[in-house]
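# Residue-level structural notes
The primary structure of each chain is shown beneath.
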There are 2 protein chains.
Amino acid sequence: MSSALPKAPRRGLADEAADLVRAAIFSGHFPPGAALREVELAAHLDVSRGSVREGLAQLEREGLVRSGWHRGTTVIDVTAQDVEEVYTLRAALDRLAATTARRTATSEQLSRLDQLIADMAAEIAGTADTRRLVTLDIAFHDQIYTAAGNGRLTTAWQAIRSQLHLFQLRRADAGYDHYRARVVDEHRELAALLRSGDRRTLARLAEEHVDSARRSLLAGLPD
Amino acid sequence: MSSALPKAPRRGLADEAADLVRAAIFSGHFPPGAALREVELAAHLDVSRGSVREGLAQLEREGLVRSGWHRGTTVIDVTAQDVEEVYTLRAALDRLAATTARRTATSEQLSRLDQLIADMAAEIAGTADTRRLVTLDIAFHDQIYTAAGNGRLTTAWQAIRSQLHLFQLRRADAGYDHYRARVVDEHRELAALLRSGDRRTLARLAEEHVDSARRSLLAGLPD
DNA sequence: TGATGTCCCAATGTTGACATTAGAACATCA
DNA sequence: TGATGTTCTAATGTCAACATTGGGACATCA
């Protein structure tokens, strides 16, 4: 939660409002399709409508909500097509991130990947809190994008990151055991290829890693 | 400029403000690094600061401007690293868009590509307005993304589209003749492979198309 | 003289009030 | 009775005033 220097990034109320609403969506307080009324949120969060409005615009950038002219803002629905779109794009982004990070990652960043894998393994051996497992999974990929060091690529990743989080959460709630069974091995293999794999093999694995996730999620979607 | 049905999408003032400022940036009225003051813009566009603010946030999504806490908004600078980042990401996105469109494009959409190529050729044979040529070039790729039909992919494309436009404009202003010499052939080849090429060849060409553009732009950047 | 602290102002962040709109409920007519 | 036009209202879009902040100019001191 803290770097060497927290660098205290003074943020605006809009950012905090966005964080709060995002957390509420992840927690299930606002289910898919729910309407997010500005006045209601403003009163509940004790900030002005302007700030809430700006925060919602931020969530729209992340693809978590949709809004239209005078039609308000609603939480996105999780349809099969949404899943298809997000995972297809993610495969392309992950492929680029991995092959780039293979050249640019520092040994420190690579050890951080090992640490995250160890955390996953510990979590599975322990209480196996699937919610936390998903967070670690995403943090692992965050780290790869950071190591790649391409700001625009990271922005594109963040534009689907929250949606992905929502999807994986739904996957977790439905109780997919084989996700827990394979998540550690798959990431360990990715980390190994990042260290000393050839580019093409790594590229293919990065794509397959995402494809397998997509298939397993789609299999459990009644939509 | 007009589809069969303009479908009159009632837009807010924020969107119009964004369009106006974007055009002003492209026209050179706001050069790279220029500060975009909210009060100034609001007065000039005759809208409130709130709308300007929202419009600027939109331009930030497009990567055309950057802003920080209490430090205002400025037009992005065009450094070598920026070019590197944008074109690298674009290669990955174009690759996915092309391989997807190869499966999903309708014959109508493919003919529209041919039409755009014809427009380019006519432009070169005529006045050779490089500014319009760049617009056609980007419209060509817009069409491929539309044909791919992946909303998230299109969003990711739009997040770098404006920056790309700015880069290509600079490239045009510097007067790169061999861009004009090759642009038609390259796009014709892309269109042909979209119709009847195998996936791997198309993927490679899509990447190379972007790579050649990047190299030619970087060669002319003193930064 | 140069490093440090203080003040000030221009610009952004925030807010509540007012204007406008989309959609639903109702009334009207063929 | 079903389609069309009207009214109403809750919610969003817009606005201008107020609060807060970052950075530079100036003064102060070792």
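Residues numbered from 1 in each chain as written. Chains lettered and ligands numbered in written order. Predicted model: local features only at pLDDT ≥ 70, side-chain atom pairs only at ≥ 80, totals over all residues. Heavy atoms only, no water.

## Structural notes on the protein's contact with DNA strand D
We apply this condition: One heavy atom within 4 Å of a molecule or strand makes the whole residue count as near it. In the analysis that follows, any N or O atom pair within 3.5 Å is treated as a polar contact, provided that within protein one partner can donate a hydrogen and the other can accept it, and provided that, for residues neighboring in sequence, both atoms belong to side chains. Strands here are runs of E lasting at least two residues and helices are runs of H or I lasting at least four, both read from the DSSP assignment and numbered beginning at the N terminus. Just so you know the grouping, Ala, Val, Leu, Ile, Met, Phe, Trp, Tyr, Cys and Pro go in nonpolar, Asp, Glu, Lys and Arg go in charged, and all remaining residues, Gly too, go in polar.
Near DNA strand D there are 19 residues, and of these R49, R53 and H70 of chain A together with L13 and S48 of chain B occur at the shortest range. Taking all atoms of DNA strand D within 4 Å of the protein, the share assigned to sugar and phosphate is 76%. Side-chain polar atom of S51 of chain B to a phosphate oxygen of DNA strand D: 3.2 Å apart, as the coordinates give it. Between H70 of chain B and DNA strand D, the recorded distance is 3.2 Å, taken from a side-chain N or O atom to a sugar or linking oxygen. Looking at the surface near DNA strand D, the elements that each hand over two or more residues are α3 (49–61) of chain A together with α3 (49–61) of chain B. Taken together, the residues of the surface near DNA strand D break down into five nonpolar, seven polar and seven charged.

## Details of the nonpolar core
Short version of the rule: Among buried residues, the Ala, Val, Leu, Ile, Met, Phe, Trp, Tyr and Cys ones that are joined through side-chain atoms within 4.5 Å form a nonpolar core. Three labels apply to residues, based on accessible area from a 1.4 Å probe with only protein chains included: buried if under 20% of the type maximum, exposed if over 50%, partly exposed otherwise in between. Contacts are assigned to residue pairs with any non-hydrogen atoms lying within 4.5 Å of each other.
Counting 132 residues, the largest nonpolar core has Y87 and L93 of chain A together with Y87, L93 and F140 of chain B as its most contacted members. Not counting the four nearest positions on each side in its chain, F140 of chain B is found in contact with L113, L116, I117, M120, H187, L190 and A191 of chain B.

## Regarding the relation of the copies chain B and chain A
This is how the line gets drawn: Least-squares superposition of the copies uses the C-alpha atoms of those residues scoring a pLDDT of at least 70 in each of them.
Least-squares fitting of chain B to chain A yields an RMSD of 0.0 Å, with the superposition described by an axial translation of 0.0 Å and a rotation of 180 degrees. Here the transformation between the copies is reduced to the relation of a two-fold axis. Looking at chain B, 97% of its interface residues are interface residues in chain A too, so the copies touch through the same face.

## Quick look at the interface of chain B and chain A
Inclusion rule: A simple way to read buried area is as the amount of 1.4 Å-probe accessible surface that goes missing from two parts once joined, with both sides added. Note on definitions: salt bridges are taken to be side-chain nitrogens of Lys or Arg within 4 Å of carboxyl oxygens of Asp or Glu.
Taken together, the contact pairs 30 residues of chain B with 29 residues of chain A. Here chain B and chain A share an interface that buries about 2,400 Å² over both sides, 51% of which is from carbon and sulfur atoms. Sorting the residues of chain B by area buried against chain A places W69, E85 and R152 of chain B first, and these three jointly supply 30% of that buried surface. One can count six salt bridges joining chain B with chain A. With a closest N to O distance of 2.7 Å, D82 of chain A and R152 of chain B form a salt bridge. If you look at where chain B meets chain A, you find 12 residue pairs in polar contact (both at pLDDT 80 or more).

## Things to note about the packing of aromatic side chains
Residue and element names in this part refer to chain A. Rule in force here: Pairing of aromatic rings covers Phe, Tyr and Trp, the last through its six-membered ring, and needs centres within 6.5 Å; plane angles under 30 degrees mean stacked, over 60 mean edge-to-face, and all others mean tilted.
Tallied over the entire structure, the rule returns four aromatic pairs over all chains. Pairing Y87 with F167 gives two aromatic rings, centres 6.4 Å apart and planes at 15 degrees, and the pair type is stacked. One end of the pair, Y87, is in helix α4 (residues 80–104); the other, F167, is in helix α7 (residues 151–173), with 80 residues separating them in the sequence. The pair Y87 / F167 is uniform in exposure class, with both members buried. Taking 4.6 Å as the distance between ring centres and 5 degrees as the angle between the ring planes, the aromatic pair formed by Y145 and W157 counts as stacked.

## Details of the UniProt feature "domain: HTH gntR-type" (unreviewed entry) in chain A
Basically, it comes down to this: UniProt positions are given in the numbering used here, feature names are shortened, and annotations may be inferred rather than shown by experiment.
With numbering matched to this structure, UniProt assigns "domain: HTH gntR-type" (unreviewed entry) to residues 11–78 of chain A. Between the end C-alpha atoms of residues 11–78 of chain A the distance is 31 Å, and the span holds 51% helix and 15% strand.

## A closer look at the pattern of salt bridges
All names here are of chain B. If you walk through the whole model with that rule in mind, you get 32 salt bridges over all chains. Across the salt bridge formed by D94 and R90, the nearest N and O atoms sit 3.1 Å from each other. A residue pair is termed a helical-turn pair when its members lie 3 or 4 positions apart in one helix, as D94 and R90 do in helix α4 (residues 80–104) at four residues. In terms of burial, D94 and R90 fall into one category: buried.

## Structural notes on a positive patch on the surface
For clarity, the cut-off: What goes into a patch is any residue over 30% in relative accessible area without a salt bridge, connected to like charges within 9 Å or, for nonpolar side chains (Val, Leu, Ile, Met, Phe, Trp, Tyr), within 5 Å. Per-residue accessibility takes into account occlusion by the displayed protein chains alone, with areas from the Shrake-Rupley method and a 1.4 Å probe. In summary, the charge assignment counts Lys and Arg as positive and Asp and Glu as negative, without counting His or the chain termini. Note on charges: their place is set at NZ of Lys, CZ of Arg, CG of Asp or CD of Glu.
Among the surface-exposed residues, R102, R103, R199, R200 and R204 of chain A together with R102, R103, R199, R200 and R204 of chain B lie close enough to one another that they form a single positively charged patch. Inspection of the secondary structure assignment puts R102 of chain A in helix α4.

## So, the protein's contact with DNA strand C
Around DNA strand C sit 21 residues, and of these L13, S51 and R71 of chain A together with R49 and R53 of chain B come closest. Counting only atoms of DNA strand C within 4 Å of the protein, the fraction found in sugar and phosphate groups is 75%. A distance of 2.5 Å is found between a phosphate oxygen of DNA strand C and a backbone nitrogen or oxygen belonging to L13 of chain A. Between a phosphate oxygen of DNA strand C and a side-chain N or O atom of W69 of chain A, the distance comes to 3.1 Å. Of all elements in the fold, only α3 of chain A together with α2 (38–45) and α3 of chain B reach the threshold of two or more residues within the surface near DNA strand C. At three residues, α3 of chain A tops the list of elements feeding residues into the surface near DNA strand C.

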